[in-house]
There are 4 protein chains.
Amino acid sequence: MRVGDIAIGAEFVVMAGPCAVESERQLIETALSVASAGARILRGGAYKPRSSPYSFQGLGLEGLKLLSKAREVTGLKVITEVMSELDVDAVAEYADIMQVGARSMENFALLERLGSCGRPVLLKRGMTATLEDLLRSAQFIVENGNPDVILCERGIRTFETATRNTFDVAAVPVLKTVSHLPVIVDPSHAAGVRLLVPVLARAAVVVGADGLLVEVHPQPDKAVSDGEQSLTLEQFDAMMADLEPYLALRTIGECAYATAGGIA
Amino acid sequence: MRVGDIAIGAEFVVMAGPCAVESERQLIETALSVASAGARILRGGAYKPRSSPYSFQGLGLEGLKLLSKAREVTGLKVITEVMSELDVDAVAEYADIMQVGARSMENFALLERLGSCGRPVLLKRGMTATLEDLLRSAQFIVENGNPDVILCERGIRTFETATRNTFDVAAVPVLKTVSHLPVIVDPSHAAGVRLLVPVLARAAVVVGADGLLVEVHPQPDKAVSDGEQSLTLEQFDAMMADLEPYLALRTIGECAYATAGGIA
Amino acid sequence: MRVGDIAIGAEFVVMAGPCAVESERQLIETALSVASAGARILRGGAYKPRSSPYSFQGLGLEGLKLLSKAREVTGLKVITEVMSELDVDAVAEYADIMQVGARSMENFALLERLGSCGRPVLLKRGMTATLEDLLRSAQFIVENGNPDVILCERGIRTFETATRNTFDVAAVPVLKTVSHLPVIVDPSHAAGVRLLVPVLARAAVVVGADGLLVEVHPQPDKAVSDGEQSLTLEQFDAMMADLEPYLALRTIGECAYATAGGIA
Amino acid sequence: MRVGDIAIGAEFVVMAGPCAVESERQLIETALSVASAGARILRGGAYKPRSSPYSFQGLGLEGLKLLSKAREVTGLKVITEVMSELDVDAVAEYADIMQVGARSMENFALLERLGSCGRPVLLKRGMTATLEDLLRSAQFIVENGNPDVILCERGIRTFETATRNTFDVAAVPVLKTVSHLPVIVDPSHAAGVRLLVPVLARAAVVVGADGLLVEVHPQPDKAVSDGEQSLTLEQFDAMMADLEPYLALRTIGECAYATAGGIA
């Protein structure tokens, strides 16, 4: 699966950026910084899941244009969420990868529509979805014409309250074993607090994840959303440096599950 | 916290052995093999949680004596589960570490009794317990006179069915941050299938766990319990070898959470 | 809130019919029977949540037309599910009440669109949604212009396997206390097995529910979906008769919670 | 199953009293009042599950003696919790029914010991136990010599926060169908707030429960534990009066599940 010159599933790919696109300045500053630290894809929400009708709903088309501009400036590819069937064409025009959020994992009308969007789709696991549920939703997109689906583990809902969700680290080797689709980990939503993001990212690397989706913000305390779980630019740099020796231990593209001597 | 010459919390310690002590031959063969692969402590159940009145209930006192004999033969220390207040003295006579199972985490009468047992206690997290619940139960033991409590993450119950439990990998850095107690990971009960055990063990290493508790059996297919999640002797060897480079990346005793640049 | 001559929230209203509209004969036979037993509204799916791309997806527009025909024949009003933003206009043309399924409770794009659909909306609680989540989704519809929202408790996901979901019977008095919206109970999806439907319906009546949404099929064993939880026509008759004395004990429209002496 | 002249399972039995025995005055005042309102059995904790080592741990033996005295004064039978194997004999000396709390449902050592205690045992469902788990624990007591087990549904842990637990109302007809053991409902722990207790009690009655276990306190706001979910004496009177017409609709001892036309 290729996104420009990036071979997703064959190399470890980091997608990073703010939860929401807030302004040109915020976005470009973040994009330049994460690109320099080794990210290949810029994330940023233009259409936000509005769990309350009173909360920030994203910049919409304006946000998409800013993402496009950031791509020109930095060379990063762009991933952004689509929530409405009616926005699929607009998002596909500006984004390189279409993101489906956890709340939309069983929005079958949207999944069906994404079967013909002409872009790879990153599909997040629903908050209490089993891996079988996730794969069934992926199958919906594939059966409707689009084989380029990227699975994303982002933590599941449990009774634990120390973290926003519980990162199901075993999901990575399980999915890699039963499916050929790439598996990306979102440690930001799994953790819910930024201090835990780098260590969960490490775990993702050593169990064989194909990449990360990470929230980064120049000033997390001023972010309009998800500030508590966003890394600063400096913390993202440190995390990328921390991951290097673990990545060096991997034979890229090979499943950690197998290398651990498990399967043979 | 010292168990003989082992400094738990200061060095990475692997506890390995069969789910249940079945026979002298099975136990000694396993003990010799895991010792040679680098384990320091032998696990093995003499008193088994009998979730059905018809299932195997362990060898009891006979099992304790076999564990003691295996200790003499191999130099390994011994950990085994205690489930009844009435068995505390007997288990303390033969074991070096007392294990409290997930089902007993809120057996406050037992915890209170373990406060004066004179042995370190490994306390497993209950199946749907929060980390706060776990720490409160630990506090029970400490307040009753025994400061030597080892916490154990062994997976929690979720709606996922691909694994027996969901390994809460974030539990390790969270517990290491809010408590000074050592944190051990049991990847066997978390996974429920042996193929996943080594890769979960890797994750435990890189997030800062102080050790592992692993089920190993010479012939897992003939085990009286937990055979599906028990490693063969060869798989345990392979797992220990696989973990080496990851352990080499750790500054032993330092919390991964901190080294990831999170806290500073 | 009025649907024709039915005052939802002021009288106890039963909505009944097949999970899916399968044929004119199946639908009309069911509609005549449930009308004669006292149901006021006919339920039936024309667009089905297709959790697998290979399963039955409903008759679509043809199904809507059959529902409309059944309304003419029986005088029953019609409720049916809408899953796609693109189907809102079509469904609103044929249905009297728009149903939002559990999987769509957080499909905010759909909820927003339903704010201007001109029809009352029955909003089902998501499988692991809290009541606060449900009310927030309801607020989305209201804020977008449509005050006529009916809440529906249909059971939540738990570890229990004897039933398909766990009917949260307390949800009814809680919702009636904190909101002025009518609350309907779907005992069919809560139970998952038909034998439990009548007894859960009783519980719904005595805790103050404003009505029921029940699956009924002339030949449940031949139903294309949800046959195990569908009542036969005779069982529905028996259930309606069974509920009568419990309904007689209610001061209609008054909250059971209050009459139990709780609030005063 | 008889407790004195009470035929548990054949008549509807209400067990009521304070969470904890606090003083003679509190206990006798409560006992006289609930007896006059129709309760047959007095509940009250002498040994409390001490989820924190710093919280009130009950009056112990002194509490048992007060319960015994209240029995003499009122003619009520007595139920109280036992948490330690070492307390079984003492509790059996003073109590008519031994209560096993939710946290002890899988304390197999305790269950085994209760097999020979010579008293009926009320076994509470664990917080996330399935009904199959509950029945397996009951089987433990039965297999160890004691056929007199009373099952108790007291709500299970879910993600809902409006109530302390989620009352699994379907548990009653399911248990009554697959087992011959009596089923009691504890609406107090299910609800967690007193205003919901009477309406959940109603639901318990109409689905066929064999009785209730209810927390009542003369001054709930001054209770040492569970005050929020304890009814006042007046509220308990009102609840008992409210239940009368629902009880009159039952053919006592017959399963609501069956009468709803489900089984036939």
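As shown above, the structure is provided for reference.
Reading the values: rules and limits
- Residues numbered from 1 in each chain as written.
- Chains lettered and ligands numbered in written order.
- Predicted model: local features only at pLDDT ≥ 70, side-chain atom pairs only at ≥ 80, totals over all residues.
- Heavy atoms only, no water.
- Salt bridge = Lys/Arg side-chain N within 4 Å of Asp/Glu carboxyl O.
- Helix = DSSP H or I, 4+ residues; strand = E, 2+ residues; numbered from the N terminus.
- Buried < 20%, exposed > 50% of the residue type's maximum accessible area, 1.4 Å probe, protein only.
- Contact = heavy atoms within 4.5 Å.
- Buried area = accessible area lost by both parts, 1.4 Å probe.
- Polar contact = N/O pair within 3.5 Å; in protein donor to acceptor, adjacent residues only side chain to side chain.
- Nonpolar A, V, L, I, M, F, W, Y, C, P; charged D, E, K, R; others polar.
- Least-squares fit on C-alpha atoms with pLDDT ≥ 70 in both.
- Expected span 1.5 Å × (residues − 1).
- Core = buried A, V, L, I, M, F, W, Y, C linked by side-chain atoms within 4.5 Å.
- Axes fitted to C-alpha atoms, helices over the stretch in contact; angles between N-to-C directions.
- Left-handed = near helix turned anticlockwise from the far one by under 90°.
- Pairing = 2+ DSSP bridges.

A. Broad picture of the pattern of salt bridges. Residue and element names in this part refer to chain B. Under the counting rule described, the total for this entry stands at 69 salt bridges over all chains. One salt bridge in this structure joins Arg125 and Glu153, with 2.7 Å as the shortest N-O distance. Of the two residues, Arg125 sits in the loop between strand E7 (121-124) and helix H5 (131-143) while Glu153 sits in strand E8 (residues 149-153), which places them 28 residues apart along the sequence. No difference in accessibility class separates Arg125 from Glu153, as the two residues are buried.

B. Geometry of the interface of chain B and chain D. Each partner contributes residues to the interface: chain B has 26 residues there, and chain D has 26 residues. Summing both partners gives a buried area of about 2400 Å² for chain B against chain D, and 51% of it is carried by carbon and sulfur. One salt bridge in this structure joins B:Glu106 and D:Arg103, with 2.8 Å as the shortest N-O distance. If you look at where chain B meets chain D, you find 10 residue pairs in polar contact (both at pLDDT 80 or more). Secondary-structure elements contributing two or more residues to the side of chain B that touches chain D are helix H4 (108-114) and H5 of chain B. For the side of chain B that touches chain D, the element with the most residues is H5(B), which contributes five residues. Broken down by class, the residue content of the side of chain B that touches chain D amounts to 10 nonpolar, seven polar and nine charged.

C. Spotlight on the relation of the copies chain B and chain D. Of the two same-sequence chains, chain B is brought onto chain D (RMSD 0.0 Å, axial shift 0.0 Å) by a rotation of 180 degrees. The operation mapping one copy onto its partner corresponds to a two-fold rotation axis. Interface residue correspondence from chain B to chain D reaches 100%, placing this contact among same-surface, isologous pairings.

D. Broad picture of helix H8 (residues 197-206) of chain C. Residue and element names in this part refer to chain C. Most of H8 is tucked away, with 10 of its 10 residues classed as buried. Among all positions of H8, only Val197, Pro198, Val199, Leu200, Ala201, Arg202, Ala203, Ala204, Val205 and Val206 are buried. Note on H8: the residue one or two positions beyond its end, Gly208, has a positive phi of about 105 degrees.

E. Up close: helix H2 (residues 61-74) of chain A. Residue and element names in this part refer to chain A. Between its terminal C-alpha atoms H2 stretches 20 Å, which fits the 20 Å expected from 14 residues at 1.5 Å a residue. The complete set of buried residues in H2 reads Gly63, Leu64, Leu66, Leu67, Ser68, Ala70 and Thr74. Its buried side turned inward, H2 meets helix H1 (24-37), strand E4 (41-43), strand E5 (77-81) and helix H3 (88-94). One or two residues past the end of H2 sits Gly75, with phi positive at roughly 85 degrees.

F. Looking closely at the interface of chain B and chain A. At the junction of the two partners, chain B supplies 38 residues and chain A supplies 38 residues. Across the chain B to chain A interface the summed buried area is about 3400 Å²; carbon plus sulfur atoms make up 71%. At the junction of chain B and chain A, the tally comes to two salt bridges. One salt bridge in this structure joins A:Glu160 and B:Arg125, with 2.7 Å as the shortest N-O distance. Of all the secondary-structure elements, those providing two or more residues to the side of chain B that touches chain A are helix H6 (171-178), helix H8 (197-206), helix H9 (233-248) and helix H10 (256-259) of chain B. A per-element tally of the side of chain B that touches chain A places H8(B) first, with six residues. Among the residues forming the side of chain B that touches chain A, the class breakdown is 25 nonpolar, eight polar and five charged.

G. Broad picture of the relation of the copies chain B and chain A. Screw-axis analysis of chain B against chain A gives a translation of 0.0 Å along the axis, an RMSD of 0.0 Å, and a rotation angle of 180 degrees. The fraction of interface residues of chain B whose copies in chain A are also interface residues reaches 100%, indicating that both copies meet through the same surface.

H. Summary view of the environment of D:Gln139. All names here are of chain D. With respect to the helices, strands and loops of the structure, Gln139 is situated in helix H5 (residues 131-143). Look at Gln139 and you get partly exposed, because its relative accessible area is 30%. Along the backbone, Gln139 and Glu112 are 27 residues apart, and their C-alpha atoms lie at a distance of 9.9 Å.

I. Molecular detail of the nonpolar core. In this structure, C:Leu212, C:Phe236, C:Met239, D:Leu212, D:Phe236 and D:Met239 are the most contacted members of the largest nonpolar core, which totals 153 residues. Ignoring any residue separated from it by four or fewer positions in sequence, one finds C:Phe236 in contact with C:Val14, C:Ala16, C:Val34, C:Ala37, C:Ala39, C:Val214, C:Val216 and C:Leu231. In this structure, A:Val14, A:Leu110, A:Ala201 and B:Val207 belong to the second largest nonpolar core, which totals 152 residues.

J. Focus on the environment of D:Val185. All names here are of chain D. Tracing the chain through its elements places Val185 in strand E9 (residues 183-185). Using a relative accessible area of 0% as the deciding quantity, one classes Val185 as buried. As for Val185 and Cys152, which are separated by 33 residues in sequence, their C-alpha atoms are 5.5 Å apart. Aside from chain neighbours lying at most four places away, what touches Val185 is Glu153, Phe167, Val172, Ala204, Ala209, Gly211, Leu212 and Leu213.

K. Quick peek at the packing of helix H1 (residues 24-37) of chain B against helix H2 (residues 61-74) of chain B. All names here are of chain B. One can describe the packing of H1 onto H2 by two numbers: an axis separation of 10 Å at closest approach and a directional angle of 35 degrees. H2 is crossed by H1, and the crossing has right-handed handedness. Across the interface between the two elements, Glu24, Leu27, Ile28, Ala31 and Leu32 from H1 touch Leu66, Leu67, Lys69, Ala70, Val73 and Thr74 from H2. When the residues that make up the contact of H1 with H2 are grouped by side-chain class, the tally is eight nonpolar, one polar and two charged.

L. Structural context of unusual backbone geometry. Residue A:Asp226 is not a glycine yet carries a positive backbone phi of 60 degrees. Structurally, the position occupied by A:Asp226 is in the loop between strand E10 (211-215) and helix H9 (233-248).

M. Representation of the side chain of C:Ser230. Along the chain, C:Ser230 falls in the loop between strand E10 (211-215) and helix H9 (233-248). Within polar-contact distance, the side chain of C:Ser230 engages the backbone oxygen of C:Asp226 at 2.9 Å.

N. Main features of the pairing of strand E3 (residues 13-17) of chain B. All names here are of chain B. Burial runs high along E3: five of the five residues are buried. A two-sided burial pattern is seen for E3, the buried positions comprising Val13, Met15 and Gly17 on one face and Val14 and Ala16 on the other. In terms of strand pairing, E3 meets strand E10 (residues 211-215) through five bridges, oriented parallel. The residue of E10 that forms the bridge with Gly17 is Glu215.

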